[in-house]
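Summary of structural features
Take a look at the letters that make up each chain.
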Amino acid sequence: MRTKIVAGNWKMHKNAEETEDLINQLIELVPSESTTRIIVAPTFTNLASAVDHLEFINIDVAAQNMHQAEGGAYTGEISASMLQSIGVNTVILGHSERRAMFHETDSIIADKVSTAMKHEMEVIFCFGEELKDRQDHNYKNIVEHQLRDGLFHLEASDFARIILAYEPVWAIGTGETASPEQVQEMHAFIREVIRQKYGRDVAENLAILYGGSVKPDNAEELFGKEDVDGGLIGGAALDAKSFAAIVAAAK
Ligand code: PEP
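Rules used in this analysis
- Note on numbering: residues in each chain are counted from 1, in written sequence order.
- pLDDT decides what is reported in this predicted model: residues at 70 or higher carry local features, side-chain atom pairs at 80 or more are listed and counted, and totals for whole chains, interfaces and linings draw on all residues regardless.
- Excluded from the side-chain calculations are hydrogens and water; all other atoms, namely the structure's heavy atoms, are used.
- Salt bridge, as used here, is a side-chain nitrogen of Lys or Arg placed within 4 Å of a carboxyl oxygen of Asp or Glu.
- The helix count covers DSSP runs of H or I at least four residues long, the strand count covers runs of E at least two residues long, and both are numbered beginning at the N terminus.
- A 1.4 Å probe rolled over the protein chains alone gives each residue an accessible area, and that area as a share of the maximum for its type sets the label: buried under 20%, exposed over 50%, partly exposed in between.
- Pairing of aromatic rings covers Phe, Tyr and Trp, the last counted by its six-membered ring, and requires centre-to-centre distances within 6.5 Å; plane angles under 30 degrees mean stacked, over 60 mean edge-to-face, and any other angle means tilted.
- Any two strands are treated as partners once DSSP identifies two or more bridges connecting them.
- Crossover handedness is defined by viewing with both strands directed away from the observer: a clockwise path from the first strand over the helix to the second marks the crossover as right-handed.
- The span expected for a helix works out to 1.5 Å for each residue beyond the first.
- Our arc is simply the arc of the directions from the helix axis toward the C-beta atoms.
- Contacts are assigned to residue pairs with any non-hydrogen atoms lying within 4.5 Å of each other.
- Side-chain atoms alone can form a polar contact between residues adjacent in sequence; in general such a contact is a pair of N or O atoms within 3.5 Å, and within protein one must be able to donate a hydrogen while the other accepts it.

Before going further, it helps to spend a moment on the pattern of salt bridges. Considering all chains together, one arrives at 19 salt bridges under this definition. Asp60 is the salt-bridge partner of Arg37, the closest N and O atoms lying 2.8 Å from each other. On the criterion of sequence distance, the pair formed by Arg37 in strand E2 (residues 37–41) and Asp60 in strand E3 (residues 59–63) is long-range, its members being 23 residues apart. You can call Asp60 partly exposed: its relative accessible area is 32%.

Now for the packing of aromatic side chains. How two aromatic rings sit relative to each other is set out by the distance from centre to centre and by the angle between their planes. Throughout the structure, instances matching the rule amount to five aromatic pairs. Taking 5.6 Å as the distance between ring centres and 85° as the angle between the ring planes, the aromatic pair formed by Phe152 and Tyr198 counts as edge-to-face. Remark: Tyr198 occurs in helix H8 (residues 180–198) and Phe152 occurs in the loop between helix H7 (139–151) and strand E6 (162–166); sequence separation between them is 46 residues. Among the residues examined, Phe152 registers a relative accessible area of 17% and is labelled buried. Taken together, a centroid distance of 4.5 Å and an interplanar angle of 50° make the contact between Phe159 and Tyr198 tilted. With Phe159 in the loop between H7 and E6 and Tyr198 in helix H8, this residue pair connects regions lying 39 residues apart in the sequence. A relative accessible area of 7% means that Phe159 is categorised as buried. Here a set of aromatic residues connected by ring pairs shows up, and it is made of Phe125, Phe127, Tyr166 and Tyr210.

Right, let's get into the pairing of E2. Across the five residues that make up E2, a large majority, four, are buried. As paired elements, strand E1 (residues 5–9) and E2 share five bridges and run parallel to each other. Note on E2: the bridge partner recorded for Ala7 is Ile39. Tracing the backbone out of E1, into helix H1 (residues 16–29) and back to the parallel element E2 gives a crossover that is right-handed. Two elements, E2 and E3, share three bridges in a ladder whose sense is parallel. Bridge pairing in E3 places Val40 opposite Val61. Handedness of the β-α-β unit built from E2, helix H2 (residues 47–53) and E3 comes out right-handed.

The subject of this paragraph is H1. Between its terminal C-alpha atoms H1 stretches 20 Å, which fits the 20 Å expected from 14 residues at 1.5 Å a residue. Looking at H1, one finds that the buried residues are Thr19, Leu22, Ile23 and Leu26. Looking straight down H1, one finds its buried side chains confined to an arc of 100°; they lie on one side. Every exposed residue of H1 that faces more than 90 degrees away from the buried side is listed here: Glu17 and Glu28. Along its buried surface, H1 packs onto E2, H2, E3 and helix H11 (240–249). Where H1 begins, the capping side chain belongs to Asn15, and its oxygen is found 3.1 Å from the backbone nitrogen of Glu17.

Right under this line is the structure:
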């Protein structure tokens, strides 16, 4: 049985005080006995305080990005060892906003994944097709390419530290959710692509999250699908009550 995971991507929202407030509300609202794994990803400037506040709480902290180099003249960037030095061992890589707005290619993302693996970090690997790919019925090809180019240089054993997040770009921040049937179709396809390359055990143990306008009122149906192991949540993760309700839906 795969553990359900609900991860909140707070993007470039919440200053230090607001982050602390949201964390305190989550500590109140999320039951300490929840069997769902919970992850939150605040901005870089608030990671250290989030780690401190959540040290004894069943909520893990992830970064939203990192650079692929070990260090050096990369103004404004953050390395894997910098994250690890403040107790952050999980990182979101390949988010569609980074791909589209910051020109991160599959090859850059593959390098970031390699760096994370070298540091024994866990990666939430995001990928997903654009609206045009879906309309052209080309979405499976696109997703297969993103998986192949971003991850297929890894060893099977690396997948113990990989979480996939299928996020169709047309459903992110738009209020447009993929239907539970569309999501299940893609997740089953993704698991099959992984099975063909890495075998049944890797595919069956791999968590595949869905992301794209997940809300308290659609979470339960989405998470109820066989191959959906939880969600990566953007907008609804900024409100503690909504996020806690989504966690509760991931039974
Ligand atoms: C995201 O950005 O990863 C995301 C899923 O956003 P939203 O839930 O707002 O669509």
